[in-house]
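# Inside the fold
Here is how the chains run, residue by residue.
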Amino acid sequence: NILGVEGSVIEIRVNASDIDGDTLQIETNNDNFILNGSVLSWHTQVGDVGDYVLRITVNDGETEVYTDVNIGIFKKVVINEFVSDPSSGKEWVEIYNPGTQVFDLSRCVLTDGSNHELLLESNLQGKKFVVFEYSSSTLNNDGDLIALYCYGQLTDKVVYGDWNDANKGIENNAPAPGKGKSDGRDPDGKDTDNDKVDFREFEIPTKGMSSNADLIA
């Protein structure tokens, strides 16, 4: 089985040979896959969530063989909220699953702008939140990036404050949250690919809860 997240690239290498040296034809039942040499690739898009059975057929003009590959595409999970300068306790990042299927985070990792890694462990239910804490000070207060990689591919990223990611400038960054405050998507899961639009500062962090939760300071 092959698992991926919407927006990621699914690649399958076809290992086939012919003892007579005949040219082999490789075909599939899914037009989304592009064949380049012996590699089939599909750049999935948002909305491609679902279970697929890919039939790969190889023939030499006389004989035909096939194999079926099960592919599962999950709705992407997102970095929903974070605290980079806590007034007490530890820095943390909240992940939200906007989908309806359980998402296995054990194949995911969080990284920051200095390539520190935080390995994740959890089965995140649909429409739920989970929080991961850093064991030591990791995130820069004035600006940094937080990236979520799942199944070896970039799934989500937020850039905040004065961090200039890949020299793209800082005008579309989320604000750098003040001490004891958080940045969060409002509403939960909002994802326009513009962090300035998607994130706002929360005076009272909603750790592990919806951004619209009613809290009392």
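Now for a look at the structure at hand. (Residues numbered from 1 in each chain as written. Predicted model: local features only at pLDDT ≥ 70, side-chain atom pairs only at ≥ 80, totals over all residues. Heavy atoms only, no water.)

Using the criterion set out here, one finds 13 salt bridges in the structure. With its nearest N and O atoms 3.7 Å apart, the salt bridge here joins Glu 6 to Lys 75. Of this pair, Glu 6 sits in the loop between β1 (2-5) and β2 (9-13) while Lys 75 sits in the loop between β7 (64-74) and β8 (78-83), placing them 69 residues apart in sequence. For Glu 6, a relative accessible area of 6% translates into the label buried. The partner of Arg 200 in a salt bridge is Asp 186, with the nearest N and O atoms 2.7 Å apart. Of the two residues, Arg 200 sits in strand β18 (residues 199-202) while Asp 186 sits in the loop between β17 (182-185) and α1 (195-198), which places them 14 residues apart along the sequence. Looking at Arg 200, the relative accessible area reads 38%, which means it is partly exposed. Shared partners join several salt bridges into a network, and the residues in it are Lys 76, Asp 156, Arg 185, Asp 191 and Asp 198. (Salt bridge = Lys/Arg side-chain N within 4 Å of Asp/Glu carboxyl O. Helix = DSSP H or I, 4+ residues; strand = E, 2+ residues; numbered from the N terminus. Buried < 20%, exposed > 50% of the residue type's maximum accessible area, 1.4 Å probe, protein only.)

It is worth spelling out the state of the cysteines at this point. Using the criterion set out here, one finds one disulfide in the structure. Between Cys 108 and Cys 150 runs a disulfide, and the two sulfur atoms are separated by 2.2 Å. Across the S-S bond of Cys 108 and Cys 150 the torsion is about 115 degrees, and the bridge reads as right-handed. One end of the pair, Cys 108, is in strand β11 (residues 108-112); the other, Cys 150, is in strand β15 (residues 143-150), with 42 residues separating them in the sequence. Here Cys 108 falls in the buried class, since its relative accessible area comes to 4%. Overall, the relative accessible area of 2% leaves Cys 150 in the buried class. (Disulfide = S-S within 2.5 Å.)

This brings us to the sheet that holds β7. An order of β1-β7-β6-β3 is seen for the four strands of this open sheet, with the pairing classed as mixed. Unpaired on one side and paired on the other, β1 and β3 (25-28) mark the two borders of the sheet. Averaged over all neighbouring strand pairs, the angle between strand axes comes to 25 degrees, with direction disregarded. Pairing analysis gives four bridges linking β3 to strand β6 (residues 50-59), with the strands arranged antiparallel. Bridge assignment links Gln 25 to a residue of β6, and that residue is Asn 59. (Pairing = 2+ DSSP bridges. Axes fitted to C-alpha atoms, helices over the stretch in contact; angles between N-to-C directions.)

Along the chain, Asp 18 falls in the loop between β2 and β3. In this structure Asp 18 is buried but unpaired, with Arg 13 as the nearest side chain of opposite charge at 19 Å. Here the side chain of Asp 18 touches Asp 20 through a polar contact of 2.9 Å, landing on its backbone nitrogen. Look past the residues within four positions of Asp 18 in its chain and what remains in contact with it is Leu 24 and Asp 60. (Lys, Arg positive; Asp, Glu negative; His and termini not counted. Polar contact = N/O pair within 3.5 Å; in protein donor to acceptor, adjacent residues only side chain to side chain. Contact = heavy atoms within 4.5 Å.)

By definition, the strands of a sheet pair up through backbone hydrogen bonds, in either a parallel or an antiparallel sense. Pairing within the open sheet is antiparallel, and its four strands lie in the order β12-β11-β15-β16. This sheet does not close on itself; its edge strands, each paired only once, are β12 (117-119) and β16 (153-161). Put simply, the sheet's adjacent strands are angled 20 degrees from each other on average, direction ignored. One ladder, built from five bridges, connects β11 with β15; its direction is antiparallel. Residue pairing for β15: Cys 108 is matched across the bridge by Cys 150.

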